[in-house]
Amino acid sequence: MPHFIFHRRGRRRVARMAAWSLIALLAACARTPLPPATLQWLCMGTTAAVSAPHGEEARLQRIRAAAGETFAEIERDLSVFRPASTLAAINAAAGSGIPVPLGAHAAAAIALARDAAAAGGGAFNPTVGPLMALWGFRGATRTQPPDEAEIAAARGRVDWRAIRLDTLPDGTSAASLACTDMALDLGGIAKGYAVDCAFDRLRATQETDFLINLGGNIRACGTPGAGRDGWRIGVRDPFRRDGLLGTVTLADGEAVATSGNYERFVELAGTRYAHIIDPRSGRPVRGMAGVTVLAPTAAAADALSTTLFVLGAEEGRRLLERTPGCHALWVTDETPPRLIPSPGFAARFAPEQIRK
Ligand code: ADP
Ligand code: MG
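Owing to the predicted nature of the structure, the values given are computational and were not obtained by experimental measurement. Every chain begins its residue count from 1, and numbering advances along the sequence as written. Chain labels run from A onward and ligand labels from 1 onward, assigned in the order the entries are written. Reporting of local features is limited, given that this is a predicted model, to residues whose pLDDT is at least 70; pairs of side-chain atoms are given and counted only at 80 or more, and all residues count toward the totals for whole chains, interfaces and linings. The side-chain figures draw on all heavy atoms in the structure; neither hydrogens nor water molecules are used.

Undergrad: When you look at the coordination of the magnesium ion (ligand 2) in this model, what are you seeing that I'm missing?
TA: In ideal tetrahedral geometry, four donors around a metal make angles of 109.5 degrees, whereas ideal octahedral geometry with six donors gives angles of 90 or 180 degrees. The magnesium ion (ligand 2) binds to the protein through Asp302 (O), Asp302 (OD) and Thr306 (OG1), with metal-donor distances spanning 2.1 to 2.3 Å. Residue Asp302 and its partner Thr306 are both found in helix α7 (residues 298-321); the two are separated by 4 residues, about one turn of the helix. Accessibility classification places Asp302 together with Thr306 in one group, the buried group. Atoms of type N, O and S within 2.8 Å of a metal are treated as its donors, and for Na, K and Ca the window is 3.2 Å; water is not considered, so some sites may appear to be missing partners. Secondary structure is summarised from DSSP: a helix means a run of H or I of at least four residues, a strand means a run of E of at least two, and numbering begins at the N terminus for each. Burial classification: accessible surface area is computed with a 1.4 Å probe over protein chains only, and a residue below 20% of its type maximum counts as buried, one above 50% as exposed, and the rest as partly exposed.

Written out as structure tokens, the structure reads:
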């Protein structure tokens, strides 16, 4: 199921895997002989998928159409890679003092990102743009890691408190960044936010029993079929391409997300660097292979998986204790890897029941 898109640029390699960090659809278990049906497509730089119980293909097509429309709308607004996006406009206007008018998606996603930054004490930082660029995640042709002075200079332009969100007289919002060369990057929350928007839209039209997956940001509605338990989701083994560590079953409305070091990384001077940056050090996080988070919404699971990847298990557990309804599993990047579940995750996790 995983797809590899492999780019080679000189000595640097950017590998990108539209990974199923979480492999959905494990409902094909003994009690459910006919597995749910799934439709997949490419979107927001990753694989999107929707699923519904077996035999409901017409309904699945409707779900696919609604989710596809929602994702495309949000990508147009929030992608850092699209020059015409609202995010690109905010970044281009950084330091000018001119607020950029926001549509509903940009306003909501930026507000959620700021809340996530505050909740995680800055471990989640939607202004990591300059550090992402510095480390070669935004298309630069770098072959060596940056030096201390470069890192310090980029860190000086990373400050989530310098995001200004204003409400205009007509009730709409506008955003601006306080200093030149700052850059918003919502890569750590946009996919989760998009999944929630699709979920809400489908629920508003009375759809039930479906699963939405955008690059491993998953939210479940109902069950994979009448009389069955909830949607069972496989947690991918970061070290075995098609292997699973175990499964979790989602409650109605619940979400799960994974942040991993194996999905997107750059290779500089022979060392791999994951695409999640610790804003405190200005360096990509080392030592963590993956973090999977259960949460009440997909945006929360997405932001929290990035946050807990940065914080690690010890500091991360203290944050989880203050975050109701959220549970996490850390997988360290060592041989053999250590699996560190929070108590709530351990209670829900069925280890290695299914292997692919
Ligand atoms: P994925 O995009 O593979 O689902 P994540 O949800 O963990 O993985 O998000 C990683 C993305 O978030 C990066 O590609 C980058 O755009 C952004 N990012 C990197 N470091 C941070 C951070 N400390 N805080 C917030 N966003 C970050
Ligand atoms: Mg995330």
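Undergrad: What is the right way to read unusual backbone geometry from this model?
TA: The phi angle of most residues is negative, glycine excepted, and most peptide bonds adopt the trans form. Between Thr335 and the following residue, Pro336, the backbone shows a cis peptide bond with an omega angle of -10 degrees. Phi is positive for Gln206, which is not a glycine, with a value near 70 degrees. Tracing the chain through its elements places Gln206 in the loop between α6 (190-204) and β9 (210-214). The class of Gln206 is exposed, set by a relative accessible area of 66%. For Ala269, which is not a glycine, the phi torsion comes out positive at approximately 50 degrees. Along the chain, the position of Ala269 falls in the loop between β14 (264-268) and β15 (271-274).

Undergrad: Sorry, what's going on with the nonpolar core here?
TA: Soluble globular proteins: nonpolar side chains tend toward being buried together. By size, the foremost hydrophobic cluster in this structure holds 74 residues, and its most contacted members are Phe71, Ile90, Leu186, Ile212, Leu308 and Trp330. With 12 residues, the single largest contributor to this core is α7. Residues count as neighbours in contact if any of their non-hydrogen atoms are within 4.5 Å of one another. Once residues within four sequence positions are removed from consideration, Ile90 is found in contact with Val100, Leu102, Ile110, Ala175, Leu177 and Leu184. The criterion is simple. A nonpolar core is a set of buried Ala, Val, Leu, Ile, Met, Phe, Trp, Tyr and Cys residues joined through side-chain atoms within 4.5 Å. Grouped together as the second largest cluster of nonpolar side chains are 16 residues, Leu211, Val235, Val248 and Val331 included.

Undergrad: Would you mind showing me how to read the sheet that holds strand β13 (residues 255-260) here?
TA: As a general point, the strands of a sheet are linked pairwise by backbone hydrogen bonds and lie either parallel or antiparallel. By the convention used here, strands pair only if DSSP detects at least 2 bridges between them. Across the sheet, which stays open at both edges, the 8 strands sit in the order β4-β5-β9-β10-β13-β18-β19-β20 with antiparallel pairing between neighbours. In this open sheet, the two edge strands, each paired with only one partner strand, are β4 (37-43) and β20 (339-341). Averaged over all pairs of adjacent strands, the angle between their axes in this sheet comes to 10 degrees, without regard to strand direction. Where β9 lies against strand β10 (residues 217-221), 5 bridges are found, and the strand directions are antiparallel. The residue bridging Asn213 from the neighbouring strand is Ile218, located in β10. Under this scheme, a helix contributes an axis fitted over its contacting stretch, all axes are lines through C-alpha atoms, and angles between N-to-C directions fall in the 0 to 180 degree range. Against the sheet, helix α1 (residues 57-78) makes contact with β4, β5 (46-52) and β9, and its axis sits at roughly 20 degrees relative to β4, the strand it touches most. Lying on the sheet, α7 is in contact with β10, β13, β18 (288-295), β19 (327-332) and β20; it crosses β18 at an angle near 120 degrees.

Undergrad: Mind showing me how you'd approach the site of ligand 1 here?
TA: Only heavy atoms are used to decide nearness, and a residue is near a molecule or strand if one of them lies within 4 Å of it. Taken together, 19 residues form the shell around ligand 1, and within it Asn125, Ser259, Glu263, Ile277 and Asp302 come nearest. Across the complex, the protein chains shield 97% of the 560 Å² of accessible surface that ligand 1 would expose by itself. Examining the composition of the shell around ligand 1, we find that 3 residues originate from one element, α7, more than from any other. Under the scheme applied here, ten amino acids are nonpolar (Ala, Val, Leu, Ile, Met, Phe, Trp, Tyr, Cys and Pro), four are charged (Asp, Glu, Lys and Arg), and all others, including Gly, are polar. Across the shell around ligand 1, the residue classes tally to 8 nonpolar, 6 polar and 5 charged. Here the accessible surface of atoms and residues is derived via Shrake-Rupley with a 1.4 Å probe, and residues count as covered only by protein chains that are part of the display.

Undergrad: Sorry, what's going on with the packing of α1 against helix α3 (residues 104-119) here?
TA: When two helices pack together, their arrangement is given by the angle between their axes and by how far apart the axes lie. Their axes nearest at 9 Å, the elements α1 and α3 cross at an angle of 70 degrees. Taken together, the axis directions place α1 and α3 in an arrangement best described as roughly perpendicular. Contacts between α1 and α3 pair Glu73, Ile74, Asp77 and Leu78 from the former with His105, Ala106 and Ala109 from the latter. Each angle is binned into one of four classes, with values under 35 degrees roughly parallel, values over 145 roughly antiparallel, values of 65 to 115 roughly perpendicular, and all other values oblique.

Undergrad: Even after reading the chapter, I still don't get the confidence of the model for the protein, so can you show me in this structure?
TA: As a general rule, the predicted coordinates of low-pLDDT regions are not to be interpreted in detail. Averaged over every residue, the pLDDT of the protein is 89; residues scoring 70 or more account for 90%. pLDDT is defined as a per-residue confidence score from the predictor, taking values between 0 and 100. Taken together, the stretch residues 1-25 has pLDDT below 50 and engages in 96 contacts with residues farther than four places along the chain or on a different chain.

Undergrad: Quick question: what am I supposed to make of the pairing of β19 here?
TA: Remark: a regular strand shows side chains that alternate across the two faces of the sheet. Counting buried residues in β19 gives 5 out of 6 residues, a clear majority hidden from the surface. For β18 and β19, the ladder comprises 6 bridges, and the chain directions are antiparallel. Across the sheet, residue Gly290 finds its bridge partner in β19, namely Val331.

Undergrad: How should the pairing of β10 be read in this particular structure?
TA: The element β10 is largely enclosed, with a buried count of 5 among its 5 residues. Judged by which residues are buried, β10 turns out to be covered on both faces: Asn217, Arg219 and Cys221 on one side and Ile218 and Ala220 on the other are all buried. Counting the residues in the hairpin turn of β9 and β10 gives 2 residues, including Gly215, whose phi is positive at 55 degrees. The sheet contact formed by β10 and β13 spans 3 bridges and is antiparallel. Pairing of Ile218 across the sheet is with Val256, part of β13.

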